[in-house]
Protein chains: 2
Amino acid sequence: MTEDEALRAANQAYYLAFARHDAEGMARLWAQDGVSCIHPGWPPLFGRDAVLSSYREIFRNPLQDEIELGAETVICAGDDGRIVCIERIGGSRLVATNWFRRVDSQWLLVHHQASPLAAGPAEVRTSATRH
Amino acid sequence: MTEDEALRAANQAYYLAFARHDAEGMARLWAQDGVSCIHPGWPPLFGRDAVLSSYREIFRNPLQDEIELGAETVICAGDDGRIVCIERIGGSRLVATNWFRRVDSQWLLVHHQASPLAAGPAEVRTSATRH
């Protein structure tokens, strides 16, 4: 498995844990130290305990929409890797950055931030920028 | 100057270049490779050229609001450093992550993402989380 594939697998594992409301699986994906997390609209969270607690809070919500993942872009250099992707969730779209650090040959999350993607003009700008 | 101070100085330089609409100053702050940038509502941008072009576009807008910076949190490990901070801009608040890599003893930006901070409940959650 290339590093690119290993990072994509770690990213898929994150969304699988989210979809399954699997708090223990989520805990295994995050690094011990130096973590930060910014859920949409939330103030920033720092530290493993605060971040894992936030996922438990989200998982307790029975109305939590499912996330469909798309447009993954991988940027990897040494032990540092990030995936920027689009989350489709409940009819809206978010841009998510999932940042990983390689620890003992395992890619662990150190940062997550998801922010709303505007509709309309943003689509035009995407086409102009990416093609 | 400690690494923490050096990172804060690099972060201040970013907001100073933004406030002055200084495209050349902005260009000096970004790394050559592996950069990504997610402006509020925009699709993600990848690569130095696309990112610097986006700032030139923003700087051409005479109605661009000023940014007031607050609540900086620094997370630094080796050549990898990030600052998560609050941007007050035109009456609204954003959570920004500015991610730096140390290259030849200079901290250069490799990633910026700014996302809206919800009012009201988020404030309550901040108090509950941080204190």
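Before reading on, note that the structure itself is shown above.
Residues numbered from 1 in each chain as written. Chains lettered and ligands numbered in written order. Predicted model: local features only at pLDDT ≥ 70, side-chain atom pairs only at ≥ 80, totals over all residues. Heavy atoms only, no water.

Undergrad: For this particular structure, what's the right way to read the interface of chain A and chain B?
TA: For interface size, the figure often reported is the accessible area lost on association. Each partner contributes to the interface: chain A provides 35 residues, whereas chain B provides 35 residues. For the chain A and chain B pair, buried surface summed over both sides reaches about 2800 Å², with 63% attributable to carbon and sulfur atoms. The tally of links between chain A and chain B comes to 0 salt bridges. Our count for the chain A to chain B interface comes out at 14 residue pairs in polar contact (both at pLDDT 80 or more). Listing elements by their share of the side of chain A that touches chain B, those giving two or more residues are strand S1 (36-38), strand S2 (45-46), helix H3 (48-59), strand S3 (67-77), strand S4 (80-89), strand S5 (92-103), strand S6 (106-116) and helix H4 (121-130) of chain A. Its residues assigned to classes, the side of chain A that touches chain B comprises 19 nonpolar, 10 polar and 6 charged. (Contact = heavy atoms within 4.5 Å. Buried area = accessible area lost by both parts, 1.4 Å probe. Salt bridge = Lys/Arg side-chain N within 4 Å of Asp/Glu carboxyl O. Polar contact = N/O pair within 3.5 Å; in protein donor to acceptor, adjacent residues only side chain to side chain. Helix = DSSP H or I, 4+ residues; strand = E, 2+ residues; numbered from the N terminus. Nonpolar A, V, L, I, M, F, W, Y, C, P; charged D, E, K, R; others polar.)

Undergrad: Please clarify how the relation of the copies chain A and chain B should be interpreted in this entry.
TA: A rotation about some axis, followed by a shift along it, carries one copy of the chain onto the other. With an RMSD of 0.0 Å, the operation that places chain A on chain B is a rotation of 180 degrees combined with a shift of 0.0 Å along the axis. In symmetry terms, the pair is related by a two-fold rotation axis. Residues of chain A ranked by C-alpha distance from the rotation axis are headed by serine 115 of chain A, positioned 2.5 Å from it. A share of 100% of the interface residues of chain A reappears at the interface of chain B, consistent with the copies meeting face to face through the same patch. (Least-squares fit on C-alpha atoms with pLDDT ≥ 70 in both.)

Undergrad: Hey, could you run me through unusual backbone geometry in this one?
TA: Backbone phi values are negative for most residues with the exception of glycine, while trans is the configuration of most peptide bonds. The phi angle at serine 105 of chain A is positive, at roughly 65 degrees, despite the residue not being glycine. As for its position among the elements, serine 105 of chain A is in the loop between S5 and S6. Not every positive phi belongs to a glycine, and alanine 71 of chain B is a case in point at roughly 50 degrees. Mapped onto the elements, alanine 71 of chain B comes out in strand S3 (residues 67-77). The class for alanine 71 of chain B is exposed, based on a relative accessible area of 59%. (Buried < 20%, exposed > 50% of the residue type's maximum accessible area, 1.4 Å probe, protein only.)

Undergrad: Looking at this structure, how should I read the packing of helix H1 (residues 3-19) of chain B against helix H3 (residues 48-59) of chain B?
TA: Residue and element names in this part refer to chain B. Where H1 contacts H3, the axes come no closer than 10 Å and their chain directions differ by 45 degrees. Here H1 is positioned oblique relative to H3, judged by the angle of their axes. When H1 is examined against H3, the residues Tyr14, Ala17 and Phe18 are found in contact with a partner set consisting of Tyr55, Ile58 and Phe59. Within the contact of H1 with H3, the residues separate by chemical class into 6 nonpolar, no polar and no charged. (Axes fitted to C-alpha atoms, helices over the stretch in contact; angles between N-to-C directions. Parallel < 35°, antiparallel > 145°, perpendicular 65-115°, else oblique.)

Undergrad: How should the pairing of strand S6 (residues 106-116) of chain B be read in this particular structure?
TA: Residues in a regular strand point their side chains to alternate faces of the sheet. Residue and element names in this part refer to chain B. Taking burial as the measure, the 11 residues of S6 include 9 buried ones, the bulk of the element. With 3 bridges joining them, strand S1 (residues 36-38) and S6 adopt parallel strand pairing. Paired with cysteine 37 across the two strands is histidine 112, which belongs to S6. Of the pairings in the sheet, the one linking strand S5 (residues 92-103) to S6 comprises 10 bridges and is antiparallel in character. Pairing of arginine 102 across the sheet is with tryptophan 107, part of S6. Between S5 and S6, which follow one another and run antiparallel, lie 2 residues, and aspartate 104 among them has a positive phi close to 50 degrees. (Pairing = 2+ DSSP bridges.)

Undergrad: Quick question: what am I supposed to make of the side chain of histidine 112 of chain A here?
TA: All names here are of chain A. Assignment of secondary structure puts histidine 112 in strand S6. The buried category is assigned to histidine 112, whose relative accessible area is 3%. Only 2.6 Å separates the side chain of histidine 112 from the side chain of asparagine 98, close enough to count as a polar contact. Sequence-distant contacts of histidine 112, defined by excluding residues within four places in its chain, comprise Tyr14, Tyr15, Trp30, Ser36, Cys37, Ile38, His39, Tyr55, Glu87, Ala96, Thr97 and Asn98.

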